[in-house]
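# Structural overview for review
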Amino acid sequence: MDFAQARRAMVDSQLRPQAVTDPLVVAAMASVPREAFVPASSAAIAYIDRIVPLANGRGLGPAASLGRMLTELQCHAGERALVVGAGSGYSSAVLAEMGLEVVAVESDEALLEQLRTVPGVTVVAGPLEAGAPDHAPFDIILVDGQIEQLPDALVEQLRTGGRLAACLLEGGVPRLMLGTRSVHGFGFKSFADAAMAPLPGFARPAVFTF
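Described below are features of the structure shown in this document. All residue numbers refer to positions counted from 1 along the written sequence of the respective chain. Restriction of local features to residues with pLDDT of at least 70 applies here, the model being predicted, together with a cutoff of 80 or more for giving and counting side-chain atom pairs; totals for whole chains, interfaces and linings are based on all residues. The basis for the side-chain values is all heavy atoms of the structure; hydrogens and waters are excluded.

## Thoughts on the packing of aromatic side chains
Spelled out, the test is: Two rings from Phe, Tyr or Trp (for Trp, the six-membered ring) form a pair when their centres sit within 6.5 Å of each other. Planes less than 30 degrees apart are called stacked, planes more than 60 degrees apart edge-to-face, and all others tilted. Any residue under 20% of the maximum accessible area for its type is buried, any over 50% is exposed, and the rest in between are partly exposed; the area is computed with a 1.4 Å probe on protein chains only. A ring is considered to have a charge above it if a Lys NZ or an Arg CZ atom is located within 6 Å of its centre and within 35 degrees of its normal.
The final tally for this structure, using the stated rule, is three aromatic pairs. Taking 6.3 Å as the distance between ring centres and 35° as the angle between the ring planes, the aromatic pair formed by F186 and F188 counts as tilted. A relative accessible area of 42% means that F188 is categorised as partly exposed. Positioned over the ring face of Y90 is R34, at 5.0 Å from the centre of the ring.

And the structure:
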């Protein structure tokens, strides 16, 4: 399979039609090989516009979803970024390629093994919902998967003016969201519906009903 051609097709048929227009994002995603971040048996489907299964029920989200989040985050080279639920390391590699200083948090041992091979990324092993407080504050936090709730602990790791993107389940519908921390608190808005692989540790507490 011609993976270089697959990356070009991904840019033209998945990223650009989904409003992924930031030149820094497009260049990085056109360069980083997605096939290197999935099991060898799945390399041929690394560029499909769907979730690609990884280990232990985790998955690599569609390229367009990541591209939209990075575009909305308005990343700049030299900024500090935290990737929560880094998985096998694809999104971390893209951010590093964009020139950001990247800290990646992952809890799954099988995925950590590959994540640690990604150059230019500081890896933290631990609960995803805890983030990486010892490395805070961050200019950008990317929650790389679908969550049911956003813990305050992650928001608190943003500097004032910092941005956070995630896929938040709202009324049963997964929506990409962008939030900004200000001196007055944290506000966010949804900007697109999208499918992402669920992340462990972000479930809403069960509510007792009669």
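## Comments concerning helix α2 (residues 23-31)
Rules: We count a stretch as a helix when DSSP gives it H or I for four or more residues in a row; a strand needs E for two or more, and each element gets its number in order from the N terminus. Starting at the helix axis, one direction is taken to each C-beta atom, and the arc is that of these directions. The contact criterion used throughout is that any non-hydrogen atoms of two residues lie within 4.5 Å. For this analysis, a polar contact is any N or O atom pair within 3.5 Å, provided that within protein one partner can donate a hydrogen and the other can accept it, and provided that sequence-adjacent residues contribute only side-chain to side-chain pairs.
Taken as a whole, α2 has its buried residues at V25, V26, A28 and M29. Buried residues of α2 fall within an arc of 170° about the axis and therefore sit on the same side. In this structure, the buried side of α2 is in contact with α1 (3-15), α3 (63-73) and α4 (90-97). The N-cap of α2, judged by a side-chain oxygen 2.8 Å from the amide nitrogen of L24 a few residues on, is D22.

## A word on the side chain of Q146
Relative to the helices and strands, Q146 resides in strand β6 (residues 138-147). Apart from residues lying up to four places away in sequence, Q146 is in contact with C167, L169, P174, M196, A197, P198 and L199.

## Side note on the environment of S31
Within the secondary structure, S31 sits in helix α2. Given a relative accessible area of 37%, S31 falls into the partly exposed group. Apart from residues no more than four positions distant in its own chain, S31 is found in contact with R7 and E97.

## What to know about unusual backbone geometry
Each neighbour pair has its own omega, and for A136 with P137 the value is 5°, a cis peptide bond. Take P137: it is sitting in the loop between β5 (121-125) and β6. Although it is not a glycine, A19 adopts a positive phi angle of roughly 65°. Following the sequence through the fold, A19 ends up in the loop between α1 and α2.

## Comments concerning the nonpolar core
Let me state the cut-off plainly: Residues belong to one nonpolar core when they are buried, are Ala, Val, Leu, Ile, Met, Phe, Trp, Tyr or Cys, and are joined through side-chain atoms within 4.5 Å.
Within the largest apolar cluster, 49 residues are counted, with the highest numbers of intra-cluster contacts made by M29, L70, Y90, V94, L95 and M98. The element contributing the most residues to this core is α3, with five residues. Aside from chain neighbours lying at most four places away, what touches M29 is R7, M10, L15, A63, L66, G67, Y90 and V94. One finds L128, F138, V143 and L164 within the second-largest nonpolar core, a separate group that totals 19 residues.

## Some remarks on the pattern of salt bridges
A side chain of one charge can pair with a side chain of the opposite charge when the charged atoms of the two come close. What counts here: When a carboxyl oxygen of Asp or Glu lies within 4 Å of a side-chain nitrogen of Lys or Arg, that pair is called a salt bridge.
Scanning the model with the defined rule gives nine salt bridges in all. Residues R16 and D12 are paired through a salt bridge, measuring 3.8 Å at the closest nitrogen-oxygen approach. The partly exposed category is assigned to R16, whose relative accessible area is 47%. The residue R175 makes a salt bridge to D193 at a minimum N-O spacing of 3.1 Å. One end of the pair, R175, is in strand β8 (residues 173-182); the other, D193, is in strand β9 (residues 185-193), and 18 residues separate them in sequence.

## Quick word on α1
Within α1, the full set of buried residues consists of A6, R7, M10, V11, Q14 and L15. Each element contacted by the buried residues of α1 is listed here: α2, α3 and α4. The N-cap residue of α1 is D2: its side-chain oxygen and the backbone nitrogen of A4 are 3.2 Å apart.

## As for the sheet that holds β8
The pairing of strands in a sheet comes from backbone hydrogen bonds and takes either a parallel or an antiparallel form. What counts is decided by this rule: Two strands pair under a simple rule: DSSP has to find at least two bridges between them. All axes here are fitted lines through C-alpha atoms, helices being fitted over the stretch that makes contact, and every angle between N-to-C directions spans 0 to 180 degrees.
Taken in spatial order, the seven strands make up an open sheet running β5-β4-β3-β6-β7-β8-β9, and their pairing is mixed. Each end of this open sheet is capped by a strand with a single partner; those strands are β5 and β9. With direction set aside, neighbouring strand axes in the sheet form an average angle of 20°. Contacting β6, β7 (158-170), β8 and β9, α3 crosses the sheet at an angle of about 155° to β6.

Treat this as a map of the structure, not an account of what it does.
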